[in-house]
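Structure assessment
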Number of protein chains: 2
Amino acid sequence: MRWTRTFIPTLREAPSDAESPSHRLMVRAGLVRQLSAGSYSYLPLGLRALLKAEAIVRQEMDRAGAVELLMPAIHPAELWEETGRLSAFGDTLMKVKDRRGVVSVLGPTHEEVVTHIVRNEVKSYRQVPITLYQIQGKFIRTREFVMKDAYSFDMDEKGMNASYQAMYDAYVRIFTRAGLNFIPVEADTGLMGGDVSHEFMAVSAFGEDAVLSCAACRYAANREKAACPPSPAAARIGLETQELRPCREVETPGMTTIEQVSGFLKVSPKELVKTIVFRTEGGFLAALVRGDHEVNLPKLRRAAKAETLEMATPEEIQAQTGGPLGFSGPMGLRIPVYADHAIQGLVNFVTGANRRDTHLVDVNVYRDFKPAVVADLRMALPGDPCPRCSGVMELTQGIEVGHVFKLGTRYSSRMKALCLDEKGELRPLVMGCYGIGVNRILASAVENHNDEAGIVWPKELAPYQVEIVTIDHKKMQIVEAAHDLYAKLRQAGLEVLWDDREAAPGVKFTDADLLGLPVRLTIGKRTVEAGTVDVRTRTRREQKSVPLAEAVEAVKHELEEYRP
Amino acid sequence: MRWTRTFIPTLREAPSDAESPSHRLMVRAGLVRQLSAGSYSYLPLGLRALLKAEAIVRQEMDRAGAVELLMPAIHPAELWEETGRLSAFGDTLMKVKDRRGVVSVLGPTHEEVVTHIVRNEVKSYRQVPITLYQIQGKFIRTREFVMKDAYSFDMDEKGMNASYQAMYDAYVRIFTRAGLNFIPVEADTGLMGGDVSHEFMAVSAFGEDAVLSCAACRYAANREKAACPPSPAAARIGLETQELRPCREVETPGMTTIEQVSGFLKVSPKELVKTIVFRTEGGFLAALVRGDHEVNLPKLRRAAKAETLEMATPEEIQAQTGGPLGFSGPMGLRIPVYADHAIQGLVNFVTGANRRDTHLVDVNVYRDFKPAVVADLRMALPGDPCPRCSGVMELTQGIEVGHVFKLGTRYSSRMKALCLDEKGELRPLVMGCYGIGVNRILASAVENHNDEAGIVWPKELAPYQVEIVTIDHKKMQIVEAAHDLYAKLRQAGLEVLWDDREAAPGVKFTDADLLGLPVRLTIGKRTVEAGTVDVRTRTRREQKSVPLAEAVEAVKHELEEYRP
């Protein structure tokens, strides 16, 4: 492609609202333009890279035996009612009404629709396993993404595990080919349901997701999922010998936060216990975590075997505890108390007294109150012990590029996607689902591979593999040599961008570095007279002079060696 | 692809809600499944055909010099306010609100967004002409389509005409390659605005659009656009010699329709004149057409130079004419009267009297009332004279597969997409826009090419080019021969579907005819023993026996000759 025949509006300055290095670079290199918050147009060069990411995804899905289809983006709301997700998704789900008032859903995910197709068409064990996937624009609130979503259907758990592993392996191949620095981590299943789930995280200091990982044993999980084991028995031995002081009341006028209370009482937040009241579909409960810890909602919901879990309102707290918000404590409560493991490692701690402006000090578990459940209920923190080995957990920021779930029969049971097994019995199909954010592959690749001059494209995502830069573009001799080289490279199956603008060499070189295509060829008066071309890759500063006749081979060789 | 590794749920019976032969065949052949009214999932075979149609579109757009990008489907409502289309589109436009109440639009078309991009990036005549296009899921009400939409930007009208012609020619190539029986027709510009527009209609008895065309001179237009010339002078000569009878009132109790009045007065509907009152932004007007004709809203709007044109309410009719709905007439009106040409061909006709239960007979134009405007204001009908030659217009039903518009500066002026010309003056860019319904290419191709047994795919759209049918699939010898042939065909770059099911030959042959791939190869006991394969194309009943070693060449030859 000739530069002057496409549309590559490069910029010297990053836009003022750019959020991250990848965003800055993608705008400056003319790959994307922001239309509104979180919404981008892909300009020609950006779209080429996006289509390359799509092609990698498609190839690896096909290789894993998955079958591509394309489902509507707009779903009948009834299907979402069948699974109960119409209400569960709440206002994260965009809804549209037609003229007759019929409500449809703009589907952020397709479990309902694909299960509907399968329950109508797949009736016998001979038709499974089957994994169906699509690549499509998806909508979450008013943001849109290009997603690959896949759904596997098996007769049993063993089959599902094999389908899950095939997708997991395909994801590893996809992100490896895309050149990402990524880690698979254990993840919570959230609104999808199911038991087992992994996220694939591209490592990036600007990523929105927190990952905790152990350098010693490679255990990794997102912050919500990461397990916090009970302190080792050894750590508690000392505690048992400590004297338990009698519990007493202290006045804490207007002190409702951990900071206020710990400052006023001159104790560390670690010696305080937070009591938080929640409402579930089965009633209220109180959760206890250490003052420096945070309640982990998915863990608490699982421990309480609840479908819904919401913080109680101040009025509800007053009614359930007898005291106002900010002064709750576990003593004397009639609702069940769920205590985090770490509470067992405390003696003589501080809690609210369920009375205004009052706390209790020297409270002790089992002596002063009895938890209904003791479990892992908190968010993990960097520095926590690894739940698998004796290592210590470290924090990494990441961009979630993929997510795989073992769904089990959650959807097939509710939607009656039943299949005859070999014995002639009807059984719900056992499902998995598997998502990839295709745009995020691009952003992550740029985030992982850049330098002060611009992008350094991974080979398989580069919009073009080669850029030809002509210096002094008006000279016929130079243009002819470039034209000839351009044709030969394309004949050899290479994708070539030719900067044929009448612009100063400095402008062209700066833009070439910004665009970051793997191989750059420079043709000017000096090289034409010598019958050569200057070859440079984006990863090296030095360039070599190669005879024009050997240029195609030289480019192929450089591409093979290219490791951004 | 092996049949057992993909997902092709063929059906013996057409679904009861199937709307047209193409719909019936596409469902039976397992290409699509309906999710809700007008909304389909593309199953693997249907998606392959859809992606082939997309590839043809992309290739021909690129060949025409258009540049691909991808814009968001969700647009800020402000952009649509800038052009006034937020209100003009009314409830055909789907809107979504985010949590802060900010309204966005699900864009059925992208003039606003692409003009916004271009006004920010294209500042000089050196950057034009440029034509940008995208292939994307689009939403109109709650229906969705895969559309190709393109937008051209030029400095002047001459440039726009060249860009328009380049797209027009590309469309002819696209629909020809897709094997469609199509005609380009003149069309109205509707909500897009602009002056010149063509639709590309795939001819189909089940199409929703009516086309009027002249077999003599090949003039063709959609029903709204087709010109109705004034009757030739010769036809009026007789009229001038007719006696003009005095106008008089008749009682027509409760008779408000043409049928009622013409039946009661025993005159043909052709001798009645309909008077219909409209409201525009500039006031009210009355339109007159012959009783057997229909008012053409776009023609009337253009004649009245109005932006908006709506039928008056019964209350407004009473206020403007002094009489109720159903009894309007041109005599004594104070609002301007717009008369269709054909009125001039009438003498002694019937109109309403602007009084309840009363009509006037023996009314005559110019004597009894004077129209403000006489123009072509009606919908064309089959049998009308051709506006270009002495031929007669015929009616054809069609499916609109493409639509091209000369937009002029309608959008660039309103949105200030200005560009410096060679003299250094800022001028609004001159635009065109160009749409293709990619799904409709598929439906039209199936509509144009089928027989009683199933689909007969055009070569370039066929999901696979070749189908191998193995008879007695359990025999090792047969499977080995088929496997070998399958591999060789694929090595030769052909796309092959192998029906490897353990099913009866009749089932496989019936499905092969239904699927309609161009070339079918049959391997069974007899052919394997003879070292041959039976070759048949979907367009011929006879099959020939070819030595296995020559099968690849034979397939290539048949494909070259294949003309569905």
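Bear in mind that the values here come from a model prediction, so they are computed numbers and not experimental data.

Rules used in this analysis
Along each chain, residues carry numbers from 1 onward, in the same order as the chain's sequence is written. All chains are assigned letters beginning at A, and all ligands numbers beginning at 1, according to the order in which they are written. Since the coordinates come from a predicted model, pLDDT governs what is reported: local features require at least 70, and pairs of side-chain atoms require 80 or more to be given and counted, while whole-chain, interface and lining totals use all residues. Only DSSP runs of H or I with at least four residues qualify as helices, and only runs of E with at least two residues qualify as strands; both kinds are numbered from the N terminus onward. By the convention adopted here, residues make contact when the C-beta atoms placed from their backbones lie within 7 Å. In this classification, the charged set is Asp, Glu, Lys and Arg, the nonpolar set is Ala, Val, Leu, Ile, Met, Phe, Trp, Tyr, Cys and Pro, and all remaining amino acids, among them Gly, are polar. Superposing the copies works by least squares over the C-alpha atoms of residues that have pLDDT at least 70 in both of them. DSSP-based pairing: two strands are paired if at least 2 bridges between them are found. Under this scheme, a helix contributes an axis fitted over its contacting stretch, all axes are lines through C-alpha atoms, and angles between N-to-C directions fall in the 0 to 180 degree range. Boundaries between domains were set according to an automatic or database domain assignment. Any angle that falls under 35 degrees is termed roughly parallel, while one over 145 is termed roughly antiparallel, one within 65 to 115 roughly perpendicular, and all others oblique. Put simply, a crossing is left-handed when the front helix is turned counterclockwise from the back one by less than a right angle, and right-handed when it is turned clockwise. With C-beta atoms placed from the backbone, a residue is labelled by how many other C-beta atoms lie within 10 Å of its own: buried for 20 or more, exposed for 12 or fewer, partly exposed between the two.

Here we take up the overall build of chain A. A tally of regular secondary structure across chain A gives 16 helices and 31 strands. If you line up chain A on its principal axes, its C-alpha atoms span 95 × 65 × 50 Å. Within chain A, counting contacts between residues at least 6 apart in sequence, those at least 24 apart form 70% of the total.

Contacts between chain B and chain A engage 39 residues on the former and 39 residues on the latter. Looking at the side of chain B that touches chain A, the elements with two or more residues in it are β1 (32–36), β2 (39–42), α2 (44–63), β3 (67–68), β4 (74–76), β5 (94–97), α5 (111–121) and β7 (130–140) of chain B. Looking at which element gives the most residues to the side of chain B that touches chain A, the answer is β2 of chain B, with 4 residues. Tallied by class, residues from the side of chain B that touches chain A come to 22 nonpolar, 8 polar and 9 charged.

Of the transformation superimposing chain B on chain A, the axial component is 0.1 Å and the angular component is 180°, with the fit at an RMSD of 0.1 Å. What the superposition gives is, in effect, a two-fold axis relating one chain to the other. A share of 100% of the interface residues of chain B reappears at the interface of chain A, consistent with the copies meeting face to face through the same patch.

Residue and element names in this part refer to chain B. Taking strand neighbours across the sheet as the criterion, the 3 strands line up as β4-β6-β5 in an open arrangement whose pairing is antiparallel. Taken across any chain shown, the strands that pair with only one partner, and hence form the sheet edges, are β4 and β5. Each strand axis lies, on average, 40° off the axis of its neighbour in the sheet, ignoring direction. The pairing of β4 with strand β6 (residues 103–106) spans 3 bridges and is antiparallel. Bridge assignment links P76 to a residue of β6, and that residue is S104.

All names here are of chain A. Read from one edge to the other, the open sheet built from 5 strands follows the order β28-β27-β29-β30-β31, with strand pairing classed as mixed. Sheet topology places β28 (496–499) and β31 (544–547) at the edges, where each strand pairs with a single neighbour. Direction aside, neighbouring strands of the sheet carry axes that sit 30° apart on average. Of the pairings in the sheet, the one linking strand β30 (residues 532–537) to β31 comprises 4 bridges and is antiparallel in character. Bridged to V535 within β31 is K544. Contacts from helix α13 (residues 476–491) reach β27 (466–470), β28, β29 (519–523) and β30, with the element oriented near 170° to β27. The strands touched by helix α16 (residues 551–561) within the sheet are β27, β29, β30 and β31, with β30 carrying the most contacts at an inclination of about 10°.

In the sheet, strand β1 (residues 32–36) of chain A pairs with strand β2 (residues 39–42) of chain A via 4 bridges, with the strands oriented antiparallel. Following the sheet pairing, S36 of chain A is matched in β2 of chain A by S39 of chain A.

Moving on: the environment of I56 of chain B. Residues and elements named next belong to chain B. Checked against the element boundaries, I56 lands in helix α2. Each C-alpha atom of the pair I56 and E460 lies 8.2 Å from the other, and the pair is 404 residues apart in sequence. Apart from the residues lying within four places of it in its own chain, the contact partners of I56 are I174, R177, A178 and E460.

Moving on to the domain arrangement of chain A. In terms of domain boundaries, chain A breaks down into domain 1 (16–226 + 395–445), domain 2 (233–375) and domain 3 (464–561). Each of domain 2 of chain A and domain 3 of chain A has a C-alpha centre, and the two are 68 Å apart.

Right, let's get into the packing of α2 of chain B against helix α6 (residues 157–177) of chain B. For any two helices packed against each other, one specifies the crossing angle of their axes together with the interaxial distance. All names here are of chain B. The geometry of α2 relative to α6 is characterised by a closest axis approach of 9 Å and an angle of 150° between their N-to-C directions. Put simply, α2 runs roughly antiparallel to α6. As α2 packs across α6, the resulting crossing turns out to be right-handed. For the pair α2 and α6, the contacting residues are I56, V57, E60 and M61 in the first and A170, R173, I174 and R177 in the second. Of the residues in the contact of α2 with α6, the class split is 5 nonpolar, no polar and 3 charged.

Since the α-helix turns once every 3.6 residues, residues separated by three or four places project in the same direction. Extensive coverage of α5 of chain B is indicated by the burial of 8 of its 11 residues. The complete set of buried residues in α5 of chain B reads E111, E112, V113, V114, T115, H116, I117 and V118 of chain B.

Residue and element names in this part refer to chain A. A cis amide bond links V128 to the next residue, P129, at an omega of 0°. In this fold, P129 is placed in the loop between α5 (111–121) and β7 (130–140). Although it is not a glycine, N348 sits at a positive phi angle of roughly 50°. With respect to the helices and strands, the residue N348 is situated in the loop between β17 (337–340) and β18 (349–352).

The next point concerns the packing of helix α2 (residues 44–63) of chain A against helix α12 (residues 438–448) of chain A. Residues and elements named next belong to chain A. Between α2 and α12, the shortest axis-to-axis distance is 9 Å and the interhelical angle comes to 115°. With respect to α12, the element α2 is oriented roughly perpendicular. Read as a crossing pair, α2 and α12 show a hand that is right-handed. Of α12, the residues touching α2 (which contributes A49, L50, A53, E54 and V57) are V438, N439, I441 and L442. Looking at the contact of α2 with α12 residue by residue, the classes come out as 7 nonpolar, 1 polar and 1 charged.

Our next topic: the environment of E271 of chain A. Residues and elements named next belong to chain A. Residue placement: E271 occurs in the loop between α8 (258–265) and β14 (273–280). Judged by the 17 C-beta atoms lying within 10 Å of it, E271 is partly exposed. Taking the C-alpha atoms as reference points, E271 and F349, 78 residues apart in sequence, are found 5.1 Å from one another. When neighbours within four sequence positions are excluded, E271 is seen to be in contact with L346, F349 and V350.

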